[in-house]
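So you can see what is in the structure, the chains are spelled out below.
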Amino acid sequence: MVERPDWDHYFMQIATVVSSRSTCLRRQVGALLVLNKRILTTGYNGAPGGLTHCGEVGCLRQEMQVPSGERHELCRGLHAEQNAIIQAAVHGVAIKDSVLYCTHYPCAVCAKMLVNAGVDSLVLAENYPDTLAKKNFSEAGIGVNFIV
């Protein structure tokens, strides 16, 4: 009998494949929004459609040696979680009560967006040192689980 992954590992494997589309020079992140074991949308981090990718024009945050987690406004790209939410809006897909599967812990900006979008819980592969994001999820009652 073939051993099948449980649902969390299955969706995290897909998020990892989604991250391979990233155009970010610093970190490749993939995200899925899932409801009732069905994928609603996906997102990866990178420049918005129609803009030149970072690999072609460089990374201002990298050039300025900005530490990870700081000065997000300098980045030309969107985060994977933001792109997953945007794809839902573009295609008219309700994401309330969904589960976010993401290769990395969301930043504070993404956390606020996920709270307002009504995301129910998160399943994550890697941590990220953003105490404000963690506080926002805790205060909103959004469960955060790490997958090994």
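These lines cover the structure that appears in this document, whether it is placed above or below. (Residues numbered from 1 in each chain as written. Predicted model: local features only at pLDDT ≥ 70, side-chain atom pairs only at ≥ 80, totals over all residues. Heavy atoms only, no water.)

**Some words on the overall build of the protein chain**
Then, in step 1: When you go through the protein chain residue by residue, the secondary structure sums to 6 helices and 5 strands.
Then, in step 2: Counted from the first residue to the last, the protein chain has its helices and strands arranged as α-β-β-α-α-α-β-α-β-α-β.
Then, in step 3: Computed over the C-alpha atoms, the radius of gyration of the protein chain is 15 Å, within 12% of the 15 Å expected from 2.2 N^0.38 for a compact globule of 148 residues.
Then, in step 4: Counting only C-alpha atoms and orienting by the principal axes, one finds that the protein chain spans roughly 50 × 40 × 35 Å.
Then, in step 5: Of all 148 residues assigned to the protein chain, the portion counted as buried reaches 40%.
Then, in step 6: The contacts of the protein chain with a sequence gap of at least 6 include a subset with a gap of at least 24, amounting to 54%.
Then, in step 7: Approximately 8,500 Å² of the protein chain is accessible, and the part contributed by carbon and sulfur atoms is 52%.
Then, in step 8: One finds the centroid of the 13 positive side-chain charges in the protein chain at a distance of 3 Å from the centroid of its 13 negative side-chain charges. (Helix = DSSP H or I, 4+ residues; strand = E, 2+ residues; numbered from the N terminus. Rg over C-alpha atoms; globule rule 2.2 N^0.38 Å. Buried < 20%, exposed > 50% of the residue type's maximum accessible area, 1.4 Å probe, protein only. Contact = heavy atoms within 4.5 Å. Areas by Shrake-Rupley, 256 points an atom, 1.4 Å probe, with all protein chains shown as cover. Lys, Arg positive; Asp, Glu negative; His and termini not counted. Charge placed at Lys NZ, Arg CZ, Asp CG, Glu CD.)

**Concerning the layout of surface pockets**
Then, in step 1: Empty space within the largest pocket amounts to approximately 450 Å³.
Then, in step 2: What lines the largest pocket is a set of 28 residues, and nearest its centre among them are C24, R27, N45, R61 and H79.
Then, in step 3: Where the lining of the largest pocket is concerned, the elements lending two or more residues are α3 (60-63) and α4 (80-91).
Then, in step 4: Residues of the lining of the largest pocket, tallied by class, amount to 14 nonpolar, 9 polar and 5 charged.
Then, in step 5: Estimates place the volume of the second largest pocket at around 210 Å³.
Then, in step 6: Contributing to the lining of the second largest pocket are 13 residues, with Y44, A47, G49, N83 and Q87 lying nearest its centre.
Then, in step 7: Broken down by secondary-structure element, the contributors of at least two residues to the lining of the second largest pocket are β2 (38-44) and α4.
Then, in step 8: Looking at side-chain class alone, the lining of the second largest pocket contains 5 nonpolar, 8 polar and no charged residues. (1 Å grid on protein atoms, 1.4 Å probe; cavity = no way out; pocket = protein on both sides within 12 Å on 5 of 7 lines; lining within 4 Å. Points joined across faces, edges and corners; volume = space filled by probe spheres on them. Nonpolar A, V, L, I, M, F, W, Y, C, P; charged D, E, K, R; others polar.)

**A look at helix α1 (residues 7-19)**
Then, in step 1: With 13 residues, α1 ought to run about 18 Å at 1.5 Å a step, and its terminal C-alpha atoms sit 18 Å apart, in line with that.
Then, in step 2: Those residues of α1 not exposed but buried are F11, M12, A15, V18 and S19. The buried residues of α1 occupy one face: seen down the axis, they fall within an arc of 110°.
Then, in step 3: For α1, the secondary structure elements touched by its buried residues are β1 (30-35), β2, β3 (99-104) and β4 (121-126). (Expected span 1.5 Å × (residues − 1). Arc of directions from axis to C-beta.)

**Points about α4**
Then, in step 1: With 12 residues, α4 ought to run about 16 Å at 1.5 Å a step, and its terminal C-alpha atoms sit 17 Å apart, in line with that.
Then, in step 2: The set of residues buried in α4 consists of A80, E81, Q82, N83, A84, I85 and A88.
Then, in step 3: Immediately beyond the C-terminal end of α4, within one or two residues, lies G92, with a positive phi of roughly 65°.

**Focus on the pairing of β4**
Then, in step 1: Pairing between β3 and β4: 5 bridges, direction parallel. Bridge assignment links Y101 to a residue of β4, and that residue is V123.
Then, in step 2: A crossover links β3 with its parallel partner β4, the connecting element being helix α5 (residues 108-117), and its sense is right-handed.
Then, in step 3: In terms of strand pairing, β4 meets strand β5 (residues 143-146) through 4 bridges, oriented parallel. Looking at β5, one finds that L122 is bridged to V144.
Then, in step 4: One crossover worth recording links β4 to the parallel β5 by way of helix α6 (residues 131-140), and it is right-handed. (Pairing = 2+ DSSP bridges. Right-handed = clockwise from strand over helix to strand, strands pointing away.)

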